[in-house]
There are 2 protein chains.
Amino acid sequence: MKSVRNTTAKTEIQELIANSPVALSHTEIQSATNGLCDRVTIYRILERLTVEGLIHKVVNVDGVVKYAGCHSCSEKHNHNHIHFSCQKCKSVTCLEDVEPSYKLPKKYTVSEMNFTLSGLCPQCS
Amino acid sequence: MKSVRNTTAKTEIQELIANSPVALSHTEIQSATNGLCDRVTIYRILERLTVEGLIHKVVNVDGVVKYAGCHSCSEKHNHNHIHFSCQKCKSVTCLEDVEPSYKLPKKYTVSEMNFTLSGLCPQCS
DNA sequence: TAGCTTAATGCAACAATGTTGCAAAAGTAA
DNA sequence: TTACTTTTGCAACATTGTTGCATTAAGCTA
Ligand SMILES: [Mn+2]
Ligand SMILES: [Mn+2]
Ligand SMILES: [Zn+2]
Ligand SMILES: [Zn+2]
């Protein structure tokens, strides 16, 4: 039986992501927590929070990996929203209300989606 | 005036990508060309082909960068199709016919899109 | 064809990001 | 507190991509 332990670093990183209006990268988290723990530990905490369904990973169009809080992912991740990536301020935002629609022609089996739009966010327009 | 030179390596890599049914990563290109040129040269050729509008970059959901041929991008890139990423065979395919629709809050200015679905491709279903 | 200009290449060195193994530290239940 | 197990720190490594610079070679012209 593998139990989950709530450590200081894990709690702090989870709250940091949950309270952030934009998705955060590993580097941004490391800067924000300022020596709270080792950088390897941050990677492992992010992995654990993702598995637990508390945060989700967002791979930006420029390849930068960021993390954002989940709102209703208890058992497994179920995201069908769009992400917006600002080309000016580099922010990545979850647009939870925006559900894209599409129609696949062939015999593809879809299990996940990752839709990202880039341009200028409201602050940078 | 900066002119463009067609070298053996550039031509071969462009044809490799153009004739491939799936998007190719830098590593896959390096393996396929088998010592044709240095790995740095491959990066620079991919950059050049992208600027020239002959290929386009696809950042997969797992962060792996791949390249696929462009069909009608002379002046600048204009892609509005979906990419499909197979979780089993790891292939990334351009679904040129599939155009997703969505409605954004009007405060956002969109200039690019990157939509990727993952699951099982027809061969792996 | 030979020579000239400069785009393209090879190579080394570096940077950023992420992973793994293992011993030490810390969380949790008894 | 003790015992058990998860979590952490650290070092070492892997992958991917970038940069500077000397050398090579593509394409133009005579
Ligand atoms: Mn999101
Ligand atoms: Mn494509
Ligand atoms: Zn912005
Ligand atoms: Zn497949």
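Before reading further, recall that the structure is shown in the block above.
Everything numeric here is computed off the predicted structure, so don't read it as measured data.

Here's the deal with the protein's contact with DNA strand D
Then, number 1: Around DNA strand D, the structure places 22 residues, and the nearest of them are R5, T41, R44 and R48 of chain A together with R39 of chain B.
Then, number 2: Per the 4 Å cut-off to the protein, sugar and phosphate atoms form 57% of the nearby atoms of DNA strand D.
Then, number 3: At 2.3 Å, a side-chain N or O of R48 of chain A approaches a phosphate oxygen of DNA strand D.
Then, number 4: Y43 of chain B places a side-chain nitrogen or oxygen 3.0 Å from a phosphate oxygen of DNA strand D.
Then, number 5: Of all the secondary structure elements, the ones that give two or more residues to the surface near DNA strand D are α3 (39-51) of chain A together with α3 (39-51) of chain B.
Then, number 6: Tallying contributions element by element places α3 of chain A first for the surface near DNA strand D, with five residues.
Then, number 7: Class assignment for the residues of the surface near DNA strand D results in nine nonpolar, five polar and eight charged.

A word on the interface of chain B and chain A
Then, number 1: Across the contact, 32 residues belong to chain B and 32 residues belong to chain A.
Then, number 2: Each partner contributes to the roughly 2,700 Å² buried at the junction of chain B and chain A, and carbon and sulfur atoms together form 63% of this total.
Then, number 3: Linking chain B to chain A there are zero salt bridges.
Then, number 4: There are 14 residue pairs in polar contact (both at pLDDT 80 or more) connecting chain B and chain A.
Then, number 5: When contributions to the side of chain B that touches chain A are tallied by element, the ones reaching two or more residues are β4 (82-86) and β6 (109-120) of chain B.
Then, number 6: Ranked by residue count, the leading element in the side of chain B that touches chain A is β6 of chain B, at 12 residues.
Then, number 7: Within the side of chain B that touches chain A, the residues separate by chemical class into 18 nonpolar, 11 polar and three charged.

Let's talk about the protein's contact with DNA strand C
Then, number 1: Taken together, 20 residues sit near DNA strand C, with R5 and R39 of chain A together with T41, R44 and R48 of chain B positioned nearest.
Then, number 2: For DNA strand C, the fraction of atoms within 4 Å of the protein that belong to sugar or phosphate moieties is 53%.
Then, number 3: Within the side chain of R44 of chain B, an N or O atom sits 2.7 Å from a base oxygen of DNA strand C.
Then, number 4: R48 of chain B is positioned with one of its side-chain polar atoms (N or O) 2.3 Å from a phosphate oxygen of DNA strand C.
Then, number 5: When residues of the surface near DNA strand C are traced back to their parent elements, those giving at least two are α3 of chain A together with α3 of chain B.
Then, number 6: Here the element with the most residues in the surface near DNA strand C is α3 of chain B; it accounts for five residues.
Then, number 7: When grouped by side-chain class, the residues that make up the surface near DNA strand C number eight nonpolar, five polar and seven charged.

So, the coordination of the manganese ion (ligand 2)
All names here are of chain B.
Then, number 1: Protein coordination at the manganese ion (ligand 2) comes from H56 (NE2), H81 (NE2), H83 (NE2) and C94 (SG), with a distance range of 2.1 to 2.3 Å.
Then, number 2: Sequence spacing of the donors to the manganese ion (ligand 2): H-x24-H-x1-H-x10-C.
Then, number 3: When its relative accessible area of 6% is taken as the criterion, H81 is described as buried.
Then, number 4: The class for H83 is buried, based on a relative accessible area of 6%.

Quick notes on unusual backbone geometry
All names here are of chain A.
Then, number 1: At N34, a position not held by glycine, the phi torsion is positive, near 50°.
Then, number 2: One can find N34 in the loop between α2 (26-33) and α3.
Then, number 3: Of the residues examined, N34 reaches a relative accessible area of 66% and is grouped as exposed.
Then, number 4: Of note, K90 is a non-glycine position whose phi angle comes to about 65°, a positive value.

What to know about the sheet that holds strand β3 (residues 65-69) of chain B
Residues and elements named next belong to chain B.
Then, number 1: The strand order across the open sheet built from three strands is β1-β3-β2, with neighbouring strands paired in antiparallel fashion. Taken across any chain shown, the strands that pair with only one partner, and hence form the sheet edges, are β1 (24-25) and β2 (55-59).
Then, number 2: Alignment of β1 against β3, held across two bridges, turns out to be antiparallel. Looking at β3, one finds that L24 is bridged to Y67.

Considerations on the relation of the copies chain B and chain A
What relates the pair of chain copies is a rotation about an axis plus a shift along that axis.
Then, number 1: With an RMSD of 0.3 Å, chain B superimposes on chain A once it is rotated by 179° and translated 0.0 Å along the axis. Within this description, the copies of the chain are treated as partners about a two-fold rotation axis. The C-alpha atom lying nearest the rotation axis in chain B is that of F115 of chain B; the distance is 2.1 Å.
Then, number 2: Both copies contact each other with a shared surface, as 100% of the interface residues of chain B are interface residues in chain A too.

Here is what the cut-offs are and how they apply
Residues numbered from 1 in each chain as written. Chains lettered and ligands numbered in written order. Predicted model: local features only at pLDDT ≥ 70, side-chain atom pairs only at ≥ 80, totals over all residues. Heavy atoms only, no water. Near = heavy atom within 4 Å. Polar contact = N/O pair within 3.5 Å; in protein donor to acceptor, adjacent residues only side chain to side chain. Helix = DSSP H or I, 4+ residues; strand = E, 2+ residues; numbered from the N terminus. Nonpolar A, V, L, I, M, F, W, Y, C, P; charged D, E, K, R; others polar. Contact = heavy atoms within 4.5 Å. Buried area = accessible area lost by both parts, 1.4 Å probe. Salt bridge = Lys/Arg side-chain N within 4 Å of Asp/Glu carboxyl O. Donors = N, O, S within 2.8 Å, 3.2 Å for Na, K, Ca; no water. Buried < 20%, exposed > 50% of the residue type's maximum accessible area, 1.4 Å probe, protein only. Pairing = 2+ DSSP bridges. Least-squares fit on C-alpha atoms with pLDDT ≥ 70 in both.

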